Structures are given as structure tokens and as C-alpha cells.
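Architecture and fold: a report
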Amino acid sequence: MIPFSPPHITQEAIDEVVDTLKSGWITTGPKTKRFEKEITAYCGNNSTLCVNSATFGLELVLRWFGVGPGDEVIVPAYTYCASANVIVHTGATPVMVDINQDDFNINVNAIERAITSKTKVIIPVDIAGLPCDYDSINQLVSRSDIKSKFCAADETQANLGRVLVLSDSAHSFGARFKGKVAGSLADISVFSFHAVKNLTTAEGGAIALNLPAPFDNEEIYKSFNTFSLHGQNRDALAKTQKGAWKYDVLYSGYKGNMTDIMASIGLIDLKYYDSKTLIRRKDIMTAYQDAFSKYSWAELPIIHDVNRESSFHLYPLRIKNVSEEQRDLIIQSIFERDVSVNVHFQPLPLLTAFKKTGYSINDYPVAYYNYSREISLPVYYTLTEEHVDIVIKAVIEAVNEVLEL
């Protein structure tokens, strides 16, 4: 069986983890801090905090921005549940909008129609690793008529004076939009380093701060660091300094820090990210594009265009003119040929947690249309050329079998 997305752990990464284990420092410490600085240098943003998951990072940002009951946060209907769950956790209301048909990303016109005086944050999601249209989103929230709708509820919101753009960049580490790297495209971006991501720390994530003046991103980094450690104003590393044992708890925070064990894996992944990881993933997707472009039933994903370069995280192939039931049969047929595939994603209104609170998939026809025809194919560093050929053959045979071509 060809797996869908196994992690790629090199001997160098193992050695780095062993070095950490032997160092006597395994929680948040010098390697986490180094990883943060290297992410910042790579992405070109102002400051970066590593955390235990992208989900925690998104929620931390919402709470810092004062989002709570009575507020609205705009999010695409086509995303993983974490993008909306964090909104629910704050007591705010997820306002779901439809997506673009061509690239799976949030539709900017739909965002504009959804903005009200209750809107505090927009969460664009870079589906499959292809950046959203951040120029249009950033211009939208800066327009005078849109800013006039914004009602600041606290000093932080007043300092920004508009809706916050919080990018869910869980898929897009290393992606580029008009020459800028993901992490520097929005006010704040949050990455995921989960086991299935291009760059992994097993679990983990990072908050990339890129806020405009008058915000001091380094001071916000310190505040976020405190928030991720129960509100404690000295972390374990700081308390190792002579006489620095005493600390205070400034507020009731959360526990969401990254450990040096996790950062050790990430440091090695980042070291080879551009020179190896992205190149291999692009080669695999290019092979898929070349193979499936010959078939009229294949709708190919955008992996790059004049403004954007994907991180090549997912390959979301769509089959033209099929029903959801036919798509499911094609998936089953591919599995029977010993190839693992997946679907990214079931739109949020199809899930019980959101359906039962009143969301209906009928309100998001493009999201459903894309979902009902989508099949994600394996893309990972150790996928060989032979395996790529097997995947291509399995997909073609499965489609021909189900559609009786």
C-alpha cells in the first residue's frame, strides 16, 4: 500500500533530537528560540512565536485581539474544522463564506458582503498551500467604507482601527505571493507543523507576527509567550538565570508552548526545506499535472500562476461531471489498487457540529461543488518515481472503471 502522507524523519533529525535529550533541556529552551529566529528570517516577518499547534496559535491571536461573544469572524466554509472551532471557543460567531471555484480559497467578494459592524477578524485559509489573494483582502479591510463599519471594543482593536487579517497558513509554509513568503502576507499568520505537514515538528505550530505601526511586534511576541505559559512572566529558561527564580502570573493564560524536542526536528526540516523538500514536492505535482492534463475528465489544481507559488502541500485533483457518490466510488477503487488517497476537505456545513447550529451546505454551492469532485493524491518527499507512476495508473484506471470510459 502506498501511504498518503508519512512523515520524513532523517538521521540528522534523529541525531538533533538525541542531542536535545542529552542536553538536559527538553522543554521550551534554546532550540525553540533558535527555531523561532530561523522561521522569522525565512518568512521575512517581524517576529515569530512557536507553539504546540496551529489551533492554539489561532485561538491565542483571537483572544489577544479581544474577540468574544457578540463578535463575528469571517472564515471560508471550505476548510478544516480547526479554523472555525477556535472562533467558537471564544464565544464569537463564525461567519462562513463561499470559495473560488478555481483554487479552493476564500472568495473576496463574499468576504466583502459578509462584513458587518460585528466583524472583528477575517481568517483566510491557504488551501493545499496556495496563497489567498492577500492584496485584495488587505486592500478591502483598509478601504475607508469598510473601516467605517469597524467598531473597536478595546485598545488593541482601536490601535489597528480595522478588521484584523489572520491567515490560517497551516498548509502554506514556504508558499509565495508576488515574491513575498507566507508569514509576511497578512497582519498575523499561523503555521502548522503537524506530522503530515511539509515541515514537521511532530505536533506544533508558529505565530508569525507582521503587524503594522503602532504595534511593537517584539512586545507582542513577549505577551504571546506569556499567554502560552499560563500568563507566567518568566519561562523555564529565564528562571535558570542566577537569582531569577521568582515570577508572577499576570493573567490566567493557557499552556501552549513548543518544546526543544519538537523544535529539533523542525530545525533540520527547515535547513533543507527549499533545497530539497519543496523541489521534490513540486516535481511530484508536476508529474501529476503532466499525466492528468491528457484527460478531459481531469480538472487540475493551480500549483502556481503569475502571482503565486504553492508550498505543494496537497494535490487536490477534481473529476469533472461526477456526483459525490461517483467520486466516493473512484476513491474506493483507487484504494483497492493499494494507493491511499484522501479528501480535503468536507466543508464545515456538512459536519454535525456546525449543521446542528444552523449552517446549511446549500448556502455554499461552490464549496460543495469542489468538495464533491475532489480527491487528494499522495505527495511526500520519499514518494519515488515508480510510486508516482503507480498512483497515476491507479487514478486513471479507477476513473475509467467507475465512469465506464
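This write-up is about the structure you can find in this document. Keep in mind it's a predicted model, so treat the numbers as computed, not measured.

Notes on the packing of helix α3 (residues 54-64) against helix α4 (residues 82-90)
In the contact formed by α3 and α4, the axes pass within 9 Å of each other and the chain directions differ by 40°. If you check the angle between α3 and α4, you find them oblique. In terms of crossing hand, the pair formed by α3 and α4 is right-handed. Taken together, the residues of α4 that come into contact with α3 (itself represented by T55, L58, E59, L62 and R63) are A82, V86, I87, H89 and T90. Taken together, the residues of the contact of α3 with α4 break down into 5 nonpolar, 3 polar and 2 charged.

Some details on the side chain of T79
Inspection of the secondary structure assignment puts T79 in the loop between β2 (72-76) and α4. Within the structure, T79 has its side chain in polar contact with the side chain of S83 (distance 2.8 Å). Ignoring sequence-local partners within four residues, the contact set of T79 consists of V125, I127, D168, F345, Q346 and L348.

Examining the pairing of strand β8 (residues 188-192)
With 5 of 5 residues buried, β8 lies mostly within the body of the structure. Of the two faces of β8, the one holding I188, V190 and S192 and the one holding S189 and F191 are both buried throughout. Sheet analysis places strand β5 (residues 164-168) next to β8, joined by 3 bridges and oriented parallel. Within β8, the position partnered with S167 by the bridge is S189. In this structure, β8 lies alongside strand β9 (residues 205-209), joined through 5 bridges in antiparallel fashion. Within β9, the residue paired with I188 across the bridge is L209.

Observations concerning the sheet that holds strand β12 (residues 315-319)
Read across the open sheet, the 3 strands follow the order β10-β12-β13; overall the sheet is antiparallel. Both edges of this open sheet fall to β10 (298-299) and β13 (374-377), since each of them pairs with a single strand only.

About the criteria used
Residues numbered from 1 in each chain as written. Predicted model: local features only at pLDDT ≥ 70, side-chain atom pairs only at ≥ 80, totals over all residues. Heavy atoms only, no water. Axes fitted to C-alpha atoms, helices over the stretch in contact; angles between N-to-C directions. Helix = DSSP H or I, 4+ residues; strand = E, 2+ residues; numbered from the N terminus. Parallel < 35°, antiparallel > 145°, perpendicular 65-115°, else oblique. Left-handed = near helix turned anticlockwise from the far one by under 90°. Contact = heavy atoms within 4.5 Å. Nonpolar A, V, L, I, M, F, W, Y, C, P; charged D, E, K, R; others polar. Polar contact = N/O pair within 3.5 Å; in protein donor to acceptor, adjacent residues only side chain to side chain. Buried < 20%, exposed > 50% of the residue type's maximum accessible area, 1.4 Å probe, protein only. Pairing = 2+ DSSP bridges.

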